[in-house]
Amino acid sequence: MPARELLPGERRFTASALFADLAIIVWFVFSLFPIIWMLLLSLKSSAEQTSTYFRFSPTLENYAIVLSNRGTELTSVDYKAALITSVINCVGAVVVSLIIGIPAAYAAGRWRFKGSDGLMFQMLSFRFAPELMVVVPLFVIYNQIGLFDTKVGMIWVLQLVTMPLVVWILRSYFQDLPEDLEQAALLDGYTRRRAFLMVALPLVRPGIAAAALLAFIFAWNNYVFPLILSDTAASTITVAITKFLGGGGQAYYNLTAAAAIIGALPPLVLALSIQRYLVRGLSFGAVKS
Amino acid sequence: MTTSKTTPTSQGEVDSAAAGGSSAAASKRPAPKQVPGWRRAMRPYLLAVPAVVIIIGILYPFAIGAIYSFLNYGAVNPNPRFVGLRNYASILSDSTFWQSVGTTLAYALVATAVETVLGVAIALLLNRSSLIGRTLERLLILPLMIAPVIAGVIWKLMFNPQWGVLNHIFGLGSTFDWLSKENAFFSIVLVDVWIFTPFVAILVLAGVRSLPREPFEASAVDGAGWFYTFRRLTLPMMWPYILVAVIFRLMDNLKIFDAIYVLTAGGPGIATQTLQINAFQDSIIRLDYSRGSTYMFLLWIIVFVIARYLVKLLGRAQARAAGSEV
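All of these numbers come straight from a predicted model, not from anything done at the bench.

**Here we look at the overall build of chain A**
Stage number 1. When helices and strands are counted, chain A shows 14 helices and 1 strand.
Stage number 2. C-alpha atoms of chain A, sized along the principal axes, occupy 75 × 70 × 35 Å.
Stage number 3. Excluding contacts between residues fewer than 6 apart, the proportion of contacts in chain A whose partners are at least 24 apart in sequence is 71%.
Stage number 4. Looking at chain A as shown, the accessible area adds up to about 12,000 Å², and 65% of this sits on carbon and sulfur atoms.
Stage number 5. Within chain A, the 16 negative side-chain charges are centred at a point lying 4 Å from the centre of the 21 positive side-chain charges.

Below is the structure:
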């Protein structure tokens, strides 16, 4: 972000500018300290894990333990399996949402058809509905039809999270796309389908990437669905990490911290890579930047 | 919804291909296949069908849940019977429910208010765009992207009275309990503020940056003070952005679950029991599906009423910011 142009009479270096910088620093100390502290804790050995000092001899052992069978033996949490399940669930959910959501977003962005407002409103209502409202009946239904604790069942229920994001974000991108481009393609003898695939779709690629990554992040961070609708086979890292805390007897704070860092890393990396599109995505296209 | 039949925002492609001076050039290329009118009219529907299937698939359990709330269904009672409004009567006359409503509303209001004030402040500070601000701005979203559950775990480790880092830093000794009956509410609000203030901040910051420059130049030339400019210019123009952020935050805070469940699971006692926590305990721990569903239906009504009101407010604010209404 380049420096903002100053208003007439405004000066760059003043007492109030200094105060503003101080206030910003205070916020970021509060905001970043817990993450930094977890990082430090995850590098501490078992002997040092209960000390609250910043000086210690760092080790990567905790990460190795958490991701290996040793961690499972110590804490009875198979974190590596949960990590793999999380990846499968989230990628599956996002792919399904893209395949089904892109055509719907295109239809709603290009045409006003009977029920298009209803479709969009319904999608939005899923974003704001209390999850348990849907999950409690699903808990019963899944147990009856054998979808409980399966990845297919998780991918299906995650649509509640990923589908509204994909449809709302991409509709706003399709709406911003000048219709003339597709018209020109049609003039050149393209069919509607080819005009969509060859002209419209490539032009909203940044939107698709942003929607897909954001949907992945939210699916990854979801807790309620795997908590209720899975046991072991489809259980994800968000559920697995809470089990580190619940272990009776011996506590493994350093392992918990390592697990937290591992679980937080994928969303952080993805979010930083789509930062430009984040505002628009998080506000469902309501705020464009 | 407003039109009786599909109205493509463009002309039909068949007409436009033959129109204008490009017809000579177009005739050399393969002519576009005639697509029957009814198929063109069906196009948006066909594209939307898979999404509609998904919507139905999600609305189905939703409807089932609504039906549960009129039954006496639970794991101990697999052959449910219609009991009318008895679940509602029993819950509405239960003091625990009203306590949960109070906790939920208090939590949603306090957390949303703090996040909004802090978020707007941070956005305005970052908009001053000093070197420090521009450097740190990239890191603003980090807490927001961490799963709320993991954030809960992180803070739970820091809250620990014996060896948690917070008591050490603030010199509170090993007896101060962040998650005690008196403190737990404020501690979970603190965690929520930590996670979600950046959400408000980045939305409002995007809004502030998109504001036109001229009114601010004029106000600076006229010698208006900082506070006067903020109250009369910045705030009204930013209002739609702030409202969008408030809507998202309030709705999410009303159905807060993840962080509370990890930090306190609603306790100690029922000190931090919100409606979703309550519904979880009823339907998943005690396996009383009907009671849990009734809880959720009541929460849904609360969310729905508030959402309708706020969306109406947003529409009015956007109209005013666009200048069509004063």
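**Thoughts on the overall build of chain B**
Stage number 1. Per the secondary structure count, chain B includes 15 helices and 1 strand.
Stage number 2. Out of the 326 residues in chain B, the part that is buried amounts to 52%.
Stage number 3. Pairs at least 24 apart in sequence give 67% of the contacts found in chain B among residues at least 6 apart.
Stage number 4. Working note: accessible area of chain B is about 15,200 Å², and carbon and sulfur atoms make up 66% of it.

**Comments concerning the environment of glycine 92 of chain A**
Residue and element names in this part refer to chain A.
Stage number 1. Among the structural elements, glycine 92 can be located in helix H4 (residues 79–110).
Stage number 2. A residue is classified by how much of its surface remains accessible, and glycine 92, at 17% relative accessible area, is buried.
Stage number 3. The spatial distance from the C-alpha of glycine 92 to the C-alpha of methionine 154 is 9.3 Å, given a sequence separation of 62 residues.

**Notes on the pattern of salt bridges**
Stage number 1. Applying the stated criterion across every chain, the model contains 15 salt bridges over all chains.
Stage number 2. A salt bridge links arginine 192 of chain A to glutamate 179 of chain A; the nearest nitrogen and oxygen atoms lie 3.5 Å apart. Placement of the pair is arginine 192 of chain A in helix H9 (residues 192–203) and glutamate 179 of chain A in helix H8 (residues 179–187), with a sequence separation of 13 residues.
Stage number 3. With a relative accessible area of 15%, glutamate 179 of chain A lands in the buried category.
Stage number 4. Between aspartate 282 of chain B and arginine 286 of chain B there is a salt bridge, with the nearest N and O atoms lying 3.0 Å from each other.
Stage number 5. For aspartate 282 of chain B, a relative accessible area of 4% corresponds to the buried category.
Stage number 6. Residues joined in a network through salt bridges with shared partners are Arg127 of chain A together with Glu115, Asp192, Arg249 and Asp252 of chain B.

**A short note on the interface of chain A and chain B**
Stage number 1. Contacts between the two partners involve 105 residues from chain A and, on the opposite side, 114 residues from chain B.
Stage number 2. Carbon and sulfur atoms supply 76% of the area buried between chain A and chain B, which totals about 10,000 Å² over both sides.
Stage number 3. At the boundary of chain A and chain B, one finds 2 salt bridges.
Stage number 4. Its salt-bridge partner being glutamate 131 of chain A, residue lysine 255 of chain B comes within 3.4 Å of it at the nearest N-O pair.

**As for the packing of aromatic side chains**
Residue and element names in this part refer to chain A.
Stage number 1. Under the criterion given, the structure shown has 35 aromatic pairs over all chains.
Stage number 2. Centre to centre, the rings of tyrosine 106 and phenylalanine 174 are 5.0 Å apart; their planes meet at 75°, and the pair counts as edge-to-face. Here the residue tyrosine 106 occupies a position in helix H4, and phenylalanine 174 occupies one in helix H7 (residues 151–176), the gap between them amounting to 68 residues. Each of the two residues, tyrosine 106 as well as phenylalanine 174, counts as buried.
Stage number 3. Positioned above the aromatic ring of tryptophan 168 is the side chain of arginine 171, whose terminal nitrogen or guanidinium carbon lies 5.0 Å from the ring centre.
Stage number 4. Geometry around tyrosine 190 places arginine 194 over its ring, the cationic atom sitting 4.5 Å from the centre.

**Some words on the packing of H8 of chain A against H9 of chain A**
Residues and elements named next belong to chain A.
Stage number 1. Put simply, H8 and H9 touch, their axes get as near as 9 Å, and they point 140° apart. Comparing their axes, H9 and H8 come out oblique. The interaxial crossing formed by H8 with H9 has right-handed handedness. Contact residues: Glu179, Leu181, Glu182, Gln183, Ala185 and Leu186 in H8; Arg192, Ala195, Val199, Ala200 and Leu203 in H9.
Stage number 2. Residues that form the contact of H8 with H9 fall into these classes: 7 nonpolar, 1 polar and 3 charged.

**Observations concerning the environment of methionine 163 of chain A**
Residues and elements named next belong to chain A.
Stage number 1. Take methionine 163: it is sitting in helix H7.
Stage number 2. Methionine 163 sits in the buried class, given a relative accessible area of 1%.
Stage number 3. In the structure, methionine 163 is positioned 22 residues away from isoleucine 141 in sequence and 21 Å away in space, judged by C-alpha atoms.

**Considerations on unusual backbone geometry**
Stage number 1. Within the chain, phenylalanine 284 of chain A stands out as a residue other than glycine whose phi angle is a positive 60°.
Stage number 2. Within the element layout of this structure, phenylalanine 284 of chain A appears in the segment after helix H14 (275–282).
Stage number 3. In the Ramachandran plot, leucine 287 of chain B falls in the positive-phi region, its phi being about 55° despite a non-glycine side chain.
Stage number 4. Note that leucine 287 of chain B resides in the loop between helix H14 (275–285) and helix H15 (289–321).
Stage number 5. Under the relative-accessibility criterion, leucine 287 of chain B is labelled partly exposed at 28%.

**Structural notes on a positive patch on the surface**
Residue and element names in this part refer to chain B.
Stage number 1. On the surface, a cluster of positive charge is made up of Arg308, Lys312, Arg316 and Arg320.
Stage number 2. Within the element layout of this structure, lysine 312 appears in helix H15.
Stage number 3. Taking relative accessible area as the criterion, lysine 312 reaches 58% and is therefore assigned exposed.

Criteria and thresholds
Residues numbered from 1 in each chain as written. Chains lettered and ligands numbered in written order. Predicted model: local features only at pLDDT ≥ 70, side-chain atom pairs only at ≥ 80, totals over all residues. Heavy atoms only, no water. Helix = DSSP H or I, 4+ residues; strand = E, 2+ residues; numbered from the N terminus. Contact = heavy atoms within 4.5 Å. Areas by Shrake-Rupley, 256 points an atom, 1.4 Å probe, with all protein chains shown as cover. Lys, Arg positive; Asp, Glu negative; His and termini not counted. Charge placed at Lys NZ, Arg CZ, Asp CG, Glu CD. Buried < 20%, exposed > 50% of the residue type's maximum accessible area, 1.4 Å probe, protein only. Salt bridge = Lys/Arg side-chain N within 4 Å of Asp/Glu carboxyl O. Buried area = accessible area lost by both parts, 1.4 Å probe. Phe/Tyr/Trp six-rings, centres within 6.5 Å; stacked < 30°, edge-to-face > 60°. Lys NZ or Arg CZ within 6 Å of the ring centre and 35° of its normal. Axes fitted to C-alpha atoms, helices over the stretch in contact; angles between N-to-C directions. Parallel < 35°, antiparallel > 145°, perpendicular 65-115°, else oblique. Left-handed = near helix turned anticlockwise from the far one by under 90°. Nonpolar A, V, L, I, M, F, W, Y, C, P; charged D, E, K, R; others polar. Patch = residues over 30% accessible without salt bridge, like charges linked within 9 Å, V, L, I, M, F, W, Y side chains within 5 Å.

Scope: geometric values only; no functional claims are made or implied.
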